[in-house]
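Listed below, chain by chain, are the residues.
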Amino acid sequence: MIRIAGTQSTVAQATRPLARMTVSFSALEPPTNAIAIQGLRKEYRARHRSEPKVALHGIDLKIERGEFFGLLGPNGAGKSTLINILAGLVIKTSGSAQVWGNDIDRASRQARASIGVVPQELMIDPFFTPREALDLQAGYYGVPRSERRTDEILAAVGLTDMADAYARTLSGGMRRRLMVAKAMVHSPPVLVLDEPTAGVDVELRKQLWGYVRELNASGTTVLLTTHYLEEAEQLCDRIAIIHHGDLIACDSTVALLRQLDQKTLTIVLAEDIDRIPSTLANFDVELQPYRRLLIHYRPSHTQIGVILAAVQSSGLTILDLTTEESDLEDVFIELTRSHDAGGKAA
């Protein structure tokens, strides 16, 4: 919950706009969509004889309240531009966007108070300790001292031992975690994580995701951008993919993984063979070293039992077998390549 003091003076309001509102998210009727974007377009004007650059081409996107949502795309796809528009750091060219039911133009202060953003860039004051940085950030949002969760957040991101050290002495990974902590100080209903685990070691990454999962389970909507696609696959309920400023896919993680409809069956044989048996001529088979057969098939068209029967009918003995399904990386590559080739996204 965020409590922010009432308005006193025009000058103070201009200098600390977020700290002059009273907002209690728990007391408000929660919106159906935590984020609602319609026709969002951003065009950067030409500079130094260069052509204008369109970063977003009329994006339509809705993220439901309580979702763990992934926003993926190659470098320069438009992900950070979209996030910065939501955070009030970039001015959109056209379209509309709402954060927690607040229009980013007509209710900009409420929209900004509803969102916590962890940017890609490391922005810290080297002369503040992590504890001081979190208290200062909480003060910007008008969080009373009695309601601040500084120690809890520092523990969640693994910075308790460095809580009173100058930020300039922190390692790169620690500075990244401090950025995550600063976004959490006002308990925003929407948390945006833009590459939050870049430069963070495996153990602390697990600790961070454990805390973010708890936040999500308690009702916080999480929007994640990451280049670690296995993280997105494990964490996200739904995923959208942006490429060259276009939204080329948006679906549940399970549905996206089913799009390729591809599996690979690896069979280890008891016998040495030098050619693919004729009984497997109708399948996509690769002969591999160490008595292995790799068989690529589409589960919607071919049952694995049919393949195994064809292997056994050739007189071969199966010692072991494994199956491998398409992962999110395969889907991502296929969709972006299709878009580059002019194909229509699903």
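The structure presented is a predicted model; accordingly, all values stated were derived computationally and were not measured.

Chemist: Tell me about a negative patch on the surface, residues and numbers included.
Modeler: Together, Glu230, Glu324, Glu329 and Asp330 line one region of the surface with negative charge. Looking at the element boundaries, Glu230 is found in helix α8 (residues 229-235). Residue classification places Glu230 among the partly exposed residues on the basis of a relative accessible area of 43%.

Chemist: Quick rundown of helix α10 (residues 304-313)? Include the residues and the values.
Modeler: Helical geometry note: an α-helix holds 3.6 residues per turn, so side chains three or four residues apart project in the same direction. Every buried residue of α10 is listed here: Ile307, Ala310 and Val311. Buried residues of α10 fall within an arc of 100° about the axis and therefore sit on the same side. Exposed positions of α10 whose direction lies more than 90 degrees from the buried face are Gln312 and Ser313. Buried residues along α10 sit against β11 (263-269), β13 (292-297) and β14 (318-325). Once α10 finishes, Gly315 follows within two positions and takes phi at roughly 90°, a positive value.

Chemist: Give me the sheet that holds strand β2 (residues 53-64): which residues, what numbers.
Modeler: Strand order in the open sheet made by the four strands is β2-β1-β4-β5, with antiparallel pairing throughout. Strands at the two margins of the open sheet, each flanked by one partner only, are β2 and β5 (102-103). Direction of pairing for strand β1 (residues 33-44) relative to β2: antiparallel, over a ladder of eight bridges. Paired with Lys42 across the strands is Leu56, a residue of β2. Taken strand by strand, helix α2 (residues 79-86) contacts β1, β2 and β4 (94-99), and its axis lies near 115° from that of β1.

Chemist: Requested: an account of the sheet that holds strand β12 (residues 284-288), with residues and values cited.
Modeler: One open sheet holds the four strands; their spatial order is β12-β13-β11-β14, and the pairing between them is antiparallel. Looking at the sheet topology across the chains shown, the edges are occupied by β12 and β14. Adjacent strand axes in the sheet meet at a mean angle of 20°, parallel and antiparallel pairs treated alike. Note: β12 against β13, five bridges, orientation antiparallel. Its bridge partner lying in β13, Leu287 is registered against Leu293. Contacting β11, β13 and β14, α10 runs over the sheet at an angle of about 30° to β11.

Chemist: Go over the pairing of β11, please, and point to the residues and values.
Modeler: Summarising burial for β11: five of the seven residues are buried, a large majority. Sheet topology places β11 next to β13; six bridges connect them, and they run antiparallel. Across the sheet, residue Ile267 finds its bridge partner in β13, namely Leu293. Of the pairings in the sheet, the one linking β11 to β14 comprises seven bridges and is antiparallel in character. Paired with Thr264 across the two strands is Glu324, which belongs to β14.

Chemist: Tell me about unusual backbone geometry, and name the residues and values.
Modeler: One non-glycine residue, Trp100, lies in the positive phi region at around 55°. In this fold, Trp100 is placed in the loop between β4 and β5. The exposure class of Trp100 is buried, given its relative accessible area of 10%.

Chemist: Run through the side chain of Thr225, naming residues and quoting values.
Modeler: Structurally, Thr225 can be placed in strand β8 (residues 221-225). Engagement of the side chain of Thr225 in a polar contact is seen with the side chain of Asp194, the distance being 2.5 Å.

Chemist: Give a detailed account of the pattern of salt bridges, specifying residues and quantitative values.
Modeler: Where side chains of opposite charge bring their charged atoms close, a pairing between them can arise. Tallying each qualifying case throughout the model produces 12 salt bridges. The partner of Glu152 in a salt bridge is Arg149, and the shortest N-O contact between them spans 3.2 Å. Through salt bridges with shared partners, a single network forms among Arg131, Asp151 and Asp164.

Chemist: Summarise the nonpolar core; cite the residues concerned and give the values.
Modeler: One finds Phe68, Leu72, Met184, Leu193, Val212, Ile239 and Ile241 to be the most contacted residues of the largest nonpolar core, which totals 45 residues. If you look at the next biggest cluster of nonpolar residues, it comprises 27 residues, including Ala77, Ala111, Leu223 and Ala240.

Cut-off values and rules
- Residues numbered from 1 in each chain as written.
- Predicted model: local features only at pLDDT ≥ 70, side-chain atom pairs only at ≥ 80, totals over all residues.
- Heavy atoms only, no water.
- Patch = residues over 30% accessible without salt bridge, like charges linked within 9 Å, V, L, I, M, F, W, Y side chains within 5 Å.
- Areas by Shrake-Rupley, 256 points an atom, 1.4 Å probe, with all protein chains shown as cover.
- Salt bridge = Lys/Arg side-chain N within 4 Å of Asp/Glu carboxyl O.
- Lys, Arg positive; Asp, Glu negative; His and termini not counted.
- Charge placed at Lys NZ, Arg CZ, Asp CG, Glu CD.
- Helix = DSSP H or I, 4+ residues; strand = E, 2+ residues; numbered from the N terminus.
- Buried < 20%, exposed > 50% of the residue type's maximum accessible area, 1.4 Å probe, protein only.
- Arc of directions from axis to C-beta.
- Contact = heavy atoms within 4.5 Å.
- Pairing = 2+ DSSP bridges.
- Axes fitted to C-alpha atoms, helices over the stretch in contact; angles between N-to-C directions.
- Polar contact = N/O pair within 3.5 Å; in protein donor to acceptor, adjacent residues only side chain to side chain.
- Core = buried A, V, L, I, M, F, W, Y, C linked by side-chain atoms within 4.5 Å.

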